[in-house]
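Now for the letters of each chain:
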Amino acid sequence: MHELAVAQSMMAVVMENAAANNAKKITRIELVVGKLAGVVPDALRFCFETLKEETIAKDAALIIHEVAATAHCATCNLEREVGLYDYFCPTCEGPVFPKGGDELNVKDIEIE
Ligand SMILES: [Zn+2]
């Protein structure tokens, strides 16, 4: 499962960060997941909940921020949210290029 590998590498980042700050406990983990990153937030959450069980993060609240991709149409100046397969502007049918939405990282952690 793709989400498991993602959760494992994110967990490694969290643990590294916690160790560097001499954390005894992790109370909150915030993740950023772009809508075009190819990760299902619910599946990622499930993997994370499983992985954190035997760690100092076992009681941590997990917050997932979903980030949409936006695209700007150079032809008619429209700025809008886009999906994975939106390559053309809905207004003028000119080509658009998605910007962002592929984020996949640890935004913040809170430790004790
Ligand atoms: Zn347009």
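Now for a look at the structure at hand. Bear in mind that the values here come from a model prediction, so they are computed numbers and not experimental data.

### Observations regarding helix H2 (residues 41-52)
Part 1: Across its 12 residues, H2 extends 16 Å between first and last C-alpha, which sits within 8% of the 16 Å expected from 1.5 Å per residue.
Part 2: What H2 keeps buried is the set Leu44, Cys47, Phe48 and Lys52. When H2 is viewed along its axis, its buried side chains cluster within an angular range of 125 degrees and face the same direction. H2 presents Asp42 and Thr50 as exposed residues on the side facing more than 90 degrees away from its buried surface.
Part 3: Its buried side turned inward, H2 meets helix H1 (2-20), strand S1 (26-34) and strand S2 (61-67).

### Remarks on the nonpolar core
Part 1: Core analysis: the biggest nonpolar cluster contains 16 residues, and Ala7, Val14, Ile26, Ile29 and Leu44 have the highest contact counts within it.
Part 2: Mapped onto this core, the elements with two or more residues apiece are H1, S1 and H2.
Part 3: The element best represented in this core is H1, accounting for 5 residues.

What counts, and where the lines are drawn
- Residues numbered from 1 in each chain as written.
- Predicted model: local features only at pLDDT ≥ 70, side-chain atom pairs only at ≥ 80, totals over all residues.
- Helix = DSSP H or I, 4+ residues; strand = E, 2+ residues; numbered from the N terminus.
- Expected span 1.5 Å × (residues − 1).
- Buried ≥ 20, exposed ≤ 12 C-beta atoms within 10 Å, placed from the backbone.
- Arc of directions from axis to C-beta.
- Contact = placed C-beta atoms within 7 Å.
- Core = buried A, V, L, I, M, F, W, Y, C linked by C-beta atoms within 7 Å.

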